Amino acid sequence: MLDDAKDIHPLFAGAPSGTEFKKLRKRIVRQAREAIEQFGMIEKGARWLVCLSGGKDSYTLLAVLHELKWRGLLPVDLLACNLDQGQPGFPATVLPEFLEKMGVPHRIEYQDTYSVVVDKVPQGRTYCALCSRLRRGHLYRIAREEGCSAVVLGHHRDDILETFFMNLFHGGRLATMPPKLLNEEGDVFVYRPLSFVAEADCEKFANSMGYPIIPCDLCGSQDGLQRQQVKRILDGWEANSPGRRQVMFRALMNARPSHLLDPGLFDFAGLTRGAPPEDGNPDALPRLR
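First, a word on scope: everything that follows refers to the structure included in this document. Residue positions within a chain follow its written sequence, with the count starting from 1. A pLDDT threshold of at least 70 governs which residues receive local features in this predicted model, and a stricter bar of 80 or more applies before side-chain atom pairs are shown or counted, although totals over entire chains, interfaces and linings include all residues. The basis for every side-chain value is the complete set of non-hydrogen atoms in the structure, without hydrogens or water.

Reading across from one edge, β3-β2-β1-β4-β6-β5 is the order of the six strands in this open sheet, with mixed pairing throughout. Unpaired on one side and paired on the other, β3 (106-110) and β5 (180-182) mark the two borders of the sheet. Between one strand and the next, the sheet's axes are offset by a mean angle of 25 degrees, whatever the strand orientation. In this sheet, strand β2 (residues 77-84) lies alongside strand β1 (residues 47-51) in parallel orientation, the contact comprising five bridges. Opposite Val50, over in β2, you have Ala80 as the bridge partner. Contacts: residue pairs with any heavy atoms within 4.5 Å of one another. Fitting a line to C-alpha atoms yields each axis, with helices limited to the stretch in contact; the angle taken between N-to-C directions then spans 0 to 180 degrees. Strands are runs of DSSP state E lasting at least two residues, helices are runs of H or I lasting at least four, and both sets are numbered from the N terminus onward. Contacts between helix α3 (residues 94-102) and the sheet are confined to β2 and β3, with β3 contributing the most and set at about 170 degrees to the helix. Any two strands with at least two DSSP bridges between them are considered paired.

The structure is reproduced here in structure tokens:
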């Protein structure tokens, strides 16, 4: 069905007809569907707030979710949302016009978080942490106002991997962005359906479709960002050993607490000689109860 040029959602109108793009499209749709199913994101009858920044990743997310819904594979309502944070020069008409043209239900919210961030963050420091906290708070509020059970973000595989190494190098912890998260209040989920999708695929897809990309001029122009440093390291590893990113990503899905050093995850003190293995697995060791 994906190969039928007439069988298409408006977001895919004008898509390239070449074999390479068709394979790319199929791969992204398949990977998003796998993440949605594997991490239990679907609640029938739910409504999702799909966050659209205007970047390549959020355009890819929007198109893929509407593709799945259009094909009857995603039984939820979708509401696109752009949070205009008051950045100088932000092209405020681009996203509303695009969403109207595509027939996508949406909400445009204006909140001047830019002035707050610039005022509060000391000169020379990056804006990302405060900017994201303010943005997330508004998105939770909008989700509640719109009756949405989840805020859906366009973070992809490389975002997740970079966050893991940022936490490792700078935070002293093994943690990253989970594909599914419940907010602190316990009333709104955060979903990342592109968790299995490579950044390069998002870029190829959005560029091939000619979506009107809007760059982030708030933090994207600052030098010395930790994320950019980590990205360069990963790029170097990938160049020297192609496929290294995917191997490292798979490691995040294959954790062994008994072979790490966190006594909060594994009962090292309770480990004794001659203890029967758990679940009949000779390699299994006692876990915390």
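Glancing now at the environment of Cys202. The topology assignment puts Cys202 in helix α7 (residues 199-209). On a C-alpha basis, the gap between Cys202 and Ile28 in space is 8.1 Å, while along the polypeptide they are 174 residues apart. Sequence-distant contacts of Cys202, defined by excluding residues within four places in its chain, comprise Lys56, Asp57, Thr60, His156, Leu194 and Val197.

This part is about the packing of aromatic side chains. Any two rings among Phe, Tyr and Trp, with Trp reduced to its six-membered ring, count as a pair given centres within 6.5 Å; such a pair is stacked if its planes are under 30 degrees apart, edge-to-face if over 60, and tilted if neither. In total, this model carries 14 aromatic pairs according to the counting rule given. On the basis of an interplanar angle of 65 degrees and a centroid distance of 5.2 Å, the ring pair of Trp48 and Tyr191 is categorised as edge-to-face. You can see Trp48 sitting in strand β1 and its partner Tyr191 sitting in strand β6 (residues 189-191), a full 143 residues away along the chain. Working definition: with a 1.4 Å probe on protein chains only, accessible area under 20% of the residue-type maximum means buried, over 50% means exposed, and in between means partly exposed. Given a relative accessible area of 0%, Tyr191 falls into the buried group.

Turning to the pairing of β1, a few remarks are in order. With four of five residues buried, β1 is to be regarded as a mostly interior element. The pairing of β1 with strand β4 (residues 150-152) spans three bridges and is classified as parallel. Paired with Leu49 across the two strands is Val151, which belongs to β4.

Quick look at the side chain of Ser195 now. With respect to the helices and strands, Ser195 occurs in the loop between β6 and α7. A distance of 2.7 Å separates a polar side-chain atom of Ser195 from the backbone oxygen of Arg192. Two N or O atoms form a polar contact when they lie within 3.5 Å of each other; inside protein one atom must be a possible hydrogen donor and the other a possible acceptor, and for residues adjacent in sequence the pair counts only when both atoms belong to side chains.

What follows is about the side chain of Lys231. Looking at the element boundaries, Lys231 is found in helix α8 (residues 226-240). Given the relative accessible area of 16%, Lys231 is considered buried. Polar contacts involving the side chain of Lys231 include one to the side chain of Glu162, which spans 2.8 Å. What Lys231 contacts, discounting residues up to four positions off in sequence, is Glu162, Glu199 and Arg245.

At a minimum axis distance of 10 Å, the contact between helix α1 (residues 19-38) and α7 shows a crossing angle of 125 degrees. Put simply, α1 runs oblique to α7. When the axes of α1 and α7 are compared, the crossing they make is left-handed. Facing α1, whose interface residues are Phe21, Leu24, Arg27 and Ile28, α7 presents Asp201, Lys204, Phe205, Ser208 and Met209. An angle below 35 degrees is treated as roughly parallel, one above 145 as roughly antiparallel, one from 65 to 115 as roughly perpendicular, and anything else as oblique. By the definition used in this description, the sense in which the near helix is turned from the far one sets the handedness, with an anticlockwise turn below a right angle giving left-handed and a clockwise turn giving right-handed.

Before going further, it helps to examine the pattern of salt bridges. The salt bridge definition used is simple: a Lys or Arg side-chain nitrogen within 4 Å of an Asp or Glu carboxyl oxygen. Across all of its chains, the model carries 22 salt bridges by this definition. A salt bridge links Glu109 to Arg141; the nearest nitrogen and oxygen atoms lie 2.8 Å apart. One end of the pair, Glu109, is in strand β3; the other, Arg141, is in helix α5 (residues 128-145), with 32 residues separating them in the sequence. A network of salt bridges, in which partner residues are shared, links Arg47, Arg107, Glu109, Arg141, Glu145 and Glu146.

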